[in-house]
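# Commentary on secondary and tertiary structure
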Amino acid sequence: MNNFEKSKICAVLSSIIIICGCFAPWLKFGNFFRDPGINGIDGAIVITLAIITGVIANYSQKSKSAPSALYGIFGSIILIIAMFDVFTATTRAKDMANSFRELQQYFLETDSITFLSFMGPGLFMVLAGSIGLMISAFFASSWENSDSLPPSDPQETFNKTNELANAIELNFDTQLMSKKNELDENEQKVALLNSLIVDAGKSMFSSSKKSEISDLLNNICISKNECEKLLDNYANLYNSDLVSKLLNLSSSYEAKKTLIRPFIEYDIVEENFPHERKML
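The structure presented is a predicted model; accordingly, all values stated were derived computationally and were not measured.

## Considerations on the confidence of the model for the protein
For the protein, per-residue confidence averages 76 on the pLDDT scale, and residues scoring 70 or more make up 71% of the total. Per-residue pLDDT, averaged within each element of the protein, yields its smallest value for helix 5 (residues 154-202) (66) and its largest for helix 2 (residues 41-59) (87).

In structure tokens form, the structure reads like this:
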């Protein structure tokens, strides 16, 4: 059973329950007093809305839109009227129960009676039916939404899902490979720099090595972010501070300053000796 049939059956049954509730007593006292809802203006409104809803629901067709808006609007109106009348009927029933208790005390009768003895089943049937119409509106709305979508071919859906999964996997692999190549390239630059530093420290004629170090640093440190990445990568790979290594390559103040110039220009280390690293 699809949602259209559920909404139709639920709406018809709810309308019947509401109509029966209007003919049933809303207030009563045994067989002596019965006040059905049809006797009042509220009951007349409720039964009219219920009849309209039931007829429309009964003759609604699958080829057309399910009347979800009608179920929802009429159900809401009936629910509001029923809740108001429950409050009113409860107040009247309490007054009747109090009056009856006073009469019992006058005749010295001890049987207790509550306001529920004066409440009829009709109002509660109307309440239940209005809630049923709201449920019908939900089923009808679900049918309209599903009916507005074009039918899909299971094989086509499966193929598209596979294509999407393959595209995501390919994109992930491409990004992973790109990241790995980037990491390898950075490690190669750091390794080359460390090799030049080691050679410069061993060689007596290290001016050419220092020049190569400066050129390599200028090539790597094209931004502050790249400079900081270089310092972090060097520290992670060699467990040593790159700036300190560079400063130890020369005893000349100007030579020291030339070697660490990229880090000074990007405001990473102090310009003046001992060129301590600035706090972030």
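## Let's talk about a nonpolar patch on the surface
Together, I9, L13 and I16 give the surface a local cluster of nonpolar side chains, amounting to about 270 Å² of exposed area. With respect to the element layout, I9 can be found in helix 1 (residues 3-23). For I9, a relative accessible area of 42% translates into the label partly exposed.

## Structural notes on the pattern of salt bridges
When charged atoms on two side chains of opposite charge get close, those side chains can pair. In the structure shown here, the tally under the stated rule is one salt bridge. With its nearest N and O atoms 3.7 Å apart, the salt bridge here joins K229 to E226. Taken together, the residues span about one helical turn, with K229 and E226 both in helix 7 (residues 224-238) at a distance of three residues. For K229, a relative accessible area of 27% gives the class partly exposed.

## Observations regarding helix 2
Under the 1.5 Å per step criterion, the end-to-end length of helix 2 is 28 Å for 19 residues, consistent within 8% with the ideal 27 Å. Taken residue by residue, helix 2 has G43, V46, I47, L49, A50, T53, G54 and A57 as its buried positions. In an axial view of helix 2, the angular spread of the buried residues amounts to 165°, which keeps them on one side of the axis. Opposite its buried face, helix 2 presents the exposed residues I41 and Y59, each directed more than 90 degrees away.

## Concerning the nonpolar core
Grouped together as the largest cluster of nonpolar side chains are 27 residues, with contacts concentrated most on I18, C22, V46, Y71, I78 and V126. Elements represented by at least two residues in this core include exactly helix 1, strand 1 (25-29), helix 2, helix 3 (68-106) and helix 4 (122-147). It is helix 3 that contributes the most residues to this core, nine residues altogether. Residue contacts for Y71: discarding those within four places in its chain leaves S7, A11, T53, A57, S60, L133, S136, A137 and A140. With 25 residues, the next largest nonpolar core counts L216, L247, L259 and I260 among its residues.

## Things to note about the side chain of S130
Among the secondary structure elements, S130 is positioned in helix 4. Not counting residues within four places of it along the chain, the set of residues in contact with S130 comprises I18, G75, I78 and L79.

Parameters and conventions
Residues numbered from 1 in each chain as written. Predicted model: local features only at pLDDT ≥ 70, side-chain atom pairs only at ≥ 80, totals over all residues. Heavy atoms only, no water. pLDDT = per-residue confidence, 0-100. Helix = DSSP H or I, 4+ residues; strand = E, 2+ residues; numbered from the N terminus. Patch = residues over 30% accessible without salt bridge, like charges linked within 9 Å, V, L, I, M, F, W, Y side chains within 5 Å. Areas by Shrake-Rupley, 256 points an atom, 1.4 Å probe, with all protein chains shown as cover. Salt bridge = Lys/Arg side-chain N within 4 Å of Asp/Glu carboxyl O. Buried < 20%, exposed > 50% of the residue type's maximum accessible area, 1.4 Å probe, protein only. Expected span 1.5 Å × (residues − 1). Arc of directions from axis to C-beta. Core = buried A, V, L, I, M, F, W, Y, C linked by side-chain atoms within 4.5 Å. Contact = heavy atoms within 4.5 Å.

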